[in-house]
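Structural overview
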Amino acid sequence: MKNQRSGGGPSWLLPALLAVVAFVAATVLWLQVDTPEAPKPATRTLSAPAETAPAETAPAAPRSVTPAQPAKALDEAGPPRGVVIDSLGIEAPVVPIATDGTSLDPPDDPQVLGWWSGGAQTGAEQGTALVTGHTVNAGGGAMDDLELVRVGAEIRVTTAQGTIRYRAESVQVLDKDTLARQAQQLFSQEVAGRLVLVTCEDWDGHGYRSNVVVTAVPA
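Conventions adopted
Residues numbered from 1 in each chain as written. Predicted model: local features only at pLDDT ≥ 70, side-chain atom pairs only at ≥ 80, totals over all residues. Heavy atoms only, no water. pLDDT = per-residue confidence, 0-100. Contact = heavy atoms within 4.5 Å. Helix = DSSP H or I, 4+ residues; strand = E, 2+ residues; numbered from the N terminus. Buried < 20%, exposed > 50% of the residue type's maximum accessible area, 1.4 Å probe, protein only. Pairing = 2+ DSSP bridges. Phe/Tyr/Trp six-rings, centres within 6.5 Å; stacked < 30°, edge-to-face > 60°. Salt bridge = Lys/Arg side-chain N within 4 Å of Asp/Glu carboxyl O.

**What about the confidence of the model for the chain?**
- Looking at the chain as a whole, its pLDDT mean stands at 76, while 68% of the residues score no less than 70.
- Ignoring residues within four places in sequence, the model shows residues 2-68, a span with pLDDT below 50, making 318 contacts including any to other chains.

**Points about the side chain of arginine 209**
- Inspection of the secondary structure puts arginine 209 in strand S13 (residues 208-218).
- Given the relative accessible area of 13%, arginine 209 is considered buried.

**Notes on the pairing of strand S10 (residues 154-159)**
- Pairing analysis gives three bridges linking strand S4 (residues 82-85) to S10, with the strands arranged antiparallel. From the neighbouring strand, valine 84 faces S10, where its bridge partner is arginine 156.
- Relative to strand S11 (residues 162-175), S10 runs antiparallel, the two sharing six bridges. Within S11, the residue paired with isoleucine 155 across the bridge is tyrosine 166.
- In this structure, the hairpin formed by S10 and S11 is closed by a connection of two residues.

**Observations concerning the packing of aromatic side chains**
- Counting across every chain of the model gives one aromatic pair.
- An angle of 55° between the planes, with centres 4.8 Å apart, marks the rings of tryptophan 203 and tyrosine 208 as tilted.
- Note on tyrosine 208: relative accessible area 5%, which makes it buried.

**Description of unusual backbone geometry**
- With phi around 70°, aspartate 202 is a residue other than glycine that occupies positive phi space.
- With respect to the helices and strands, aspartate 202 occurs in strand S12 (residues 194-203).

**Some details on the pairing of S11**
- Burial analysis of S11 places 10 of its 14 residues in the buried class, which makes it a mostly covered element.
- Sheet topology places S11 next to S13; nine bridges connect them, and they run antiparallel. The partner of leucine 174 across the bridge, within S13, is asparagine 211.

**A closer look at the pattern of salt bridges**
- Summed over all chains, the structure comprises five salt bridges.
- Between arginine 156 and aspartate 86 there is a salt bridge, and its shortest N-O distance comes to 2.7 Å. Separated by 70 residues along the polypeptide, arginine 156 in strand S10 and aspartate 86 in the loop between S4 and strand S5 (90-97) bring together distant segments of the chain.
- Aspartate 86 sits in the exposed class, given a relative accessible area of 54%.
- Linked through salt bridges whose partners overlap, the residues forming this network are Asp86, Glu154, Arg156 and Arg165.

Right, dumping it as structure tokens:
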């Protein structure tokens, strides 16, 4: 999802299939859910699970920290309008995106991120707020270097109500099969409110074989 790439009730988000199909300029993330829509990544290299293209990249060992989650929705809760990660020089606008069938396409502009409107809002008491974007192999995507974010790094999300500060709790590079197996946990709507950023990784000359998944919790 380099150059590519939201609150729900108990167990309504049950992805049975999560597939990423990477193209030279963009990648598509496929999710099969029981009720809502599902997200999809964009253009760059970290492979995601799919029925297309096999994964040869072994997932990197996740760097994770167990977060302390808020007991209630934050005052600034709402649909995200922008994401800022100072440590990576990322400052990108965010627009709502919805699924088309079982796929979720990030905005065409690799400098714009997409928030899955079928999941939790940022700052919500419960659920995963999913933000995805394209990775560009030649450079120019807002999330091109997402895999370089460090655990503990600050991620700021702006909403109409203010700014929410998150702390990166885990950074994972997962091949498509591993992502598919872990999709239910990674994109769960039954967890305490959190933010998940996703993009593509591991460009092999034809497509992206993996995905970067960054999970963050309110700081």
